[in-house]
Amino acid sequence: MYKLLLITTLLFNSFSAIAETSDQYIHRSEFFFCNFNDGKDYSDLLKEQASYEGFLKEKGLQYNRINLLPIWDNNAEYDYVMWGNWPSGQDQYKEWGAYMNEYPKWARENDVPPQNVGDCAKGAVSMRFHSVLRLRIPMEERDERLFTDWRRCKFTEDANVTKLKALYAKQEKLAKDFGLGGYGVSLFTPYRGNQEATDRDFMMMTHWYNSDSRVNMISSWREWNDLMRENGMWEERSKHIESCSNADTYQAHMIYNTHE
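Since the model is a prediction, treat every value here as computed from it, not as a measurement.

> Help me understand the nonpolar core, please; the structure alone is not making it clear to me.
If you look at soluble globular proteins, the nonpolar side chains tend to sit buried side by side. Ranked by internal contacts, the top residues of the largest apolar core, which has 25 residues, are Y168, Y183, M204 and W224. In terms of residue count, helix α6 (residues 161-178) provides more of this core than any other element does, six residues in total. Core analysis: the second largest hydrophobic core is formed by 16 residues, M127, F129, M203 and M205 among them.

Structure, rendered in C-alpha cells:
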C-alpha cells in the first residue's frame, strides 16, 4: 500500500485550476504506513487513537482519521495505514501546527500515555484528494467499515484532467439513472512527503458505502459495462488514463470526524 501511494508529482496544478462542483471537491489527505509493535493489535490502536478527538474538538480543528486495513493485497508491506483528511490546505496546516505546538502539553495535562502501538516512522505522504464521483446513501444505511479498492494509474501523454472530471460527472448521472448507487470514486495526486520514483502518476480509489452496494455493482457488472461502452465512456476514459493496476482492497474504518 505504501508503494501504491508514494508517486511522482504530475498534473496536480491542472486539478487545482478546475472549477469544482458540489461533489467534485478537493481536500487534503495524509497517509502513515505502520506495523504493529510486538504484542499490540487493532484494539490497542483504537484505544490509542481515541484521545486525539478530544484535542481536535477542544481546539476547534477540522480533521478526520480513517484506518485502512488490508483485505486483499498480495504485496502489503504494512499492517495498517492511518489516513487523515482536512477540508482545505489551510485546515491542514492549522491542525499540524496545533499538533506540533499544543498537543504535547495537552497530552500531559490529560494523562495521555505515549504512543507505542505501532511503528510508523518509515512512511508518510500528503496528497491532494479529488472527489470526482459520489452516489451517497443515507447515513443510517452505511456500514461502519467500508470496502475500498486502490489502483495505481498513469495519465496519457495528452491527458486533459478537466475533461476527465467532466467524464466522471457524466458517469455519475449514468450510474444514477441505471440504478447503481452507494459508491464513489476519488483520485489522489502527490503533494508532500516520502516519495520514490515510479511510473504511476496518481492513485484511484473506489469505495462503497455498504456491502450491499458492492454486491449490486458486482451482480450488475455486465449490464453496466455494456452501458458504459455504448455511451462511449470507456473510449473517452482511455484518452486521459493510459492504464491502471489491478485493485488492492482495504477496509476503511472511520475513527473520528470533526469536519463541520
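> Got a minute to help me understand the state of the cysteines in this structure?
A covalent bond between the sulfur atoms of two cysteines is referred to as a disulfide. All told, the structure shown has two disulfides when counted by the stated rule. Each disulfide pairs two cysteine sulfurs, and for C34 the partner residue is C120, the sulfurs being separated by 2.0 Å. Handedness here is read from the sign of the S-S torsion; for C34 and C120, about 115°, the answer is right-handed. Of this pair, C34 sits in strand β1 (residues 26-36) while C120 sits in the loop between β4 (118-119) and β5 (124-135); the two residues are 86 residues apart in sequence, bridging distant segments of the chain.

> Whenever I open this one, the pairing of β1 confuses me. Can you help?
Two faces, one strand: in a regular strand the side chains alternate between the faces of the sheet. Burial analysis of β1 places nine of its 11 residues in the buried class, which makes it a mostly covered element. In the sheet, β1 pairs with β5 via seven bridges, with the strands oriented antiparallel. Bridging from a neighbouring strand, R28 pairs with R128 of β5. Two strands pair when backbone bridges link them, and β1 and strand β3 (residues 80-86) are joined in this way by seven bridges, in the antiparallel orientation. By the bridge assignment, R28 is partnered in β3 with W86.

> Would you take a moment to explain the environment of P190 for this structure?
Relative to the helices and strands, P190 resides in strand β7 (residues 183-193). Distance in space between the C-alpha atoms of P190 and S126 is 6.5 Å, their sequence separation being 64 residues.

> Mind showing me how you'd approach α6 here?
Because each turn of an α-helix spans 3.6 residues, side chains separated by three or four positions end up pointing in the same direction. Given a rise of 1.5 Å per residue, 18 residues ought to cover 26 Å, and the 25 Å separating the end C-alpha atoms of α6 matches this to within 8%. Looking at α6, one finds that the buried residues are V161, L164, K165, L167, Y168, Q171, E172, L174 and A175. If you check the start of α6, you find a side-chain oxygen 3.1 Å away from the backbone N of T162, and it comes from N160. The positive-phi residue at the C-terminal boundary of α6 is G179, with phi of around 95°.

What counts, and where the lines are drawn
Residues numbered from 1 in each chain as written. Predicted model: local features only at pLDDT ≥ 70, side-chain atom pairs only at ≥ 80, totals over all residues. Heavy atoms only, no water. Core = buried A, V, L, I, M, F, W, Y, C linked by side-chain atoms within 4.5 Å. Buried < 20%, exposed > 50% of the residue type's maximum accessible area, 1.4 Å probe, protein only. Helix = DSSP H or I, 4+ residues; strand = E, 2+ residues; numbered from the N terminus. Disulfide = S-S within 2.5 Å. Pairing = 2+ DSSP bridges. Expected span 1.5 Å × (residues − 1). Polar contact = N/O pair within 3.5 Å; in protein donor to acceptor, adjacent residues only side chain to side chain.

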